[in-house]
Amino acid sequence: MQTRRIAIFGATGSIGINTLDVIAQLGGKDAFEITAVTGNSNVAALARLAIEHGAAMAVTADESRYDDLKQALSGTGIEAASGASGLDEAASRENDIVMAAIVGTAGLAPTLKAAATGADIALANKECLVSAGPLFTDAVKRGGGMLIPVDSEHSAIFQVFEENQRRALDRVIITASGGPFRQMSLEEMRHVDAATARAHPNWSMGLKISIDSASMFNKALEMIEAQHLFDLAPGQVEVVVHPQSIIHSMVGYADGSILAQLGAPDMRTAIGYALAYPERRPLSVERLDFAKLARLDFEAPDETRFPALRLARLAMERGGLQGAVLNGAKEVALEAFIEGRCGFLQMAEITEGVMAEMDNLPAATTIDDVYKADSEARRRAAGLLRR
Ligand code: NAD
Ligand code: MG
């Protein structure tokens, strides 16, 4: 493989750390030149990663931590930068590929900037597609780079999606583990806290996505993500609960065939696929042993206990800015839940309330429309929380 220049946005997070591990497995410095790593307030970890992996630049999104970062990097020759301008600078450098793994809407601006340079985008930050939809996919197309999904479900679909058979495409079936509360009653869910909600049965992930998995808001975002990524009608996006997380998603065709991608629940497979694409390169990840697995189970998702799925369908059908509204309101409710200011079930109630209040926005024509809808949804969600 030729050496490829890569920037890693969100390098200190769960996807970021796995990306650095995959880079080491794919040949390290012989295979990748790391132009930038970015993080938020944890500048000690960011500086350590930058030094260990030989990044040219490290960016903390938190401007107040710039001096600490600069100090931690002094004498190393690694450039330090901070804030939105620092992220912008990292995104503007010449890259062959960018790992977009910042969590939340904060990832949208730098990822758009990187897309405009023509770099391929390895997309973990699903919020880009949920909030900006076609504006985001168009920006990548205009830049001329490829959009390669890293979210395991979308990587699975991407791997078995026969673009030349698009006319024979029936549906995509996104698998969901069901999260830690798969069998919990609504009444029990009313009382859970963030510590319980973050314990995912199969995947090890960042805090917010783990809680989003418990509420199935993560699956809701993934439904909208799939709609935009693969240009699907809302009715073509299905969800099935599959507690073992071995089948990572499937594509159904008009002749009745279903193609699936399977593997151990380890994000490094999807990350490695995105970084090596269009090749497949060896990775030391667990190999499936079907005799040990013995069985794979499936259940219909329950939209009464997990209303997030119903909200995703609403957002897909309404289209326009409803994805941005759903995501913005959900992020505010999620932060409130993490801080103990909002109940687990209230997260969906607040999101649904804001979506109803903002259901008549015209479709976005610019990214600014997306930011406006996002901040308005946040403002209204905060208002509902105060009631
Ligand atoms: P994480 O919380 O572990 O890491 C998030 C990263 O973003 C960190 O580097 C953090 O410093 C940075 N960050 C946080 N707030 C920021 C801000 N305001 N500005 C700039 N940077 C900021 O999250 P994660 O689990 O690695 O997830 C990252 C993204 O990938 C999310 O969009 C998530 O939905 C998606 N994703 C994650 C997984 C997974 O297995 N973890 C799987 C699929 C998709
Ligand atoms: Mg996923």
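Above this text you will find the structure in question.
Reading the values: the criteria
- Residues numbered from 1 in each chain as written.
- Chains lettered and ligands numbered in written order.
- Predicted model: local features only at pLDDT ≥ 70, side-chain atom pairs only at ≥ 80, totals over all residues.
- Heavy atoms only, no water.
- Pairing = 2+ DSSP bridges.
- Helix = DSSP H or I, 4+ residues; strand = E, 2+ residues; numbered from the N terminus.
- Buried < 20%, exposed > 50% of the residue type's maximum accessible area, 1.4 Å probe, protein only.
- Polar contact = N/O pair within 3.5 Å; in protein donor to acceptor, adjacent residues only side chain to side chain.
- Contact = heavy atoms within 4.5 Å.
- Donors = N, O, S within 2.8 Å, 3.2 Å for Na, K, Ca; no water.
- Phe/Tyr/Trp six-rings, centres within 6.5 Å; stacked < 30°, edge-to-face > 60°.

(A) Just the pairing of strand E11 (residues 258–262), in detail. Direction of pairing for strand E10 (residues 247–253) relative to E11: antiparallel, over a ladder of five bridges. Looking at the pairing, Ser-249 lines up with Gln-261 of E11. In this antiparallel pair of consecutive strands, E10 and E11, the connection spans four residues, and Gly-256 shows a positive phi of 90 degrees.

(B) Region of the structure containing the side chain of Gln-322. With respect to the helices, strands and loops of the structure, Gln-322 is situated in helix H16 (residues 322–338). Assessed through its relative accessible area of 3%, Gln-322 is described here as buried. A distance of 2.8 Å separates the side chain of Gln-322 from the side chain of Arg-318, its partner in a polar contact. Once residues lying within four places of it in the same chain are set aside, the contact partners of Gln-322 are Ala-315, Met-355, Met-358 and Asp-359.

(C) Geometry of the coordination of the magnesium ion (ligand 2). Of the protein atoms, only Asp-151 (OD), Glu-153 (OE) and Glu-222 (OE) coordinate the magnesium ion (ligand 2), at distances of 2.0 to 2.2 Å. When the donors of the magnesium ion (ligand 2) are listed by position in the chain, the intervening gaps give D-x1-E-x68-E. Placement of Asp-151 in the loop between strand E7 (147–149) and helix H8 (152–160) and of Glu-222 in helix H12 (residues 217–229) is noted, with a sequence separation of 71 residues between them. Accessibility expressed as a relative area gives 1% for Glu-222, which makes it buried.

(D) Looking closely at the packing of aromatic side chains. Counting across every chain of the model gives six aromatic pairs. Between the aromatic rings of Phe-181 and Phe-344, the centroid separation amounts to 5.2 Å while the plane-to-plane angle is 80 degrees, which identifies the pairing as edge-to-face. Here Phe-181 is found in the loop between strand E8 (169–176) and helix H9 (186–189), whereas its partner Phe-344 is found in the loop between H16 and helix H17 (346–357), with 163 residues between them in sequence. Here Phe-181 matches Phe-344 in class, with each residue buried. Chaining the aromatic ring pairs together yields one cluster made of Phe-158, Tyr-273 and Tyr-277.

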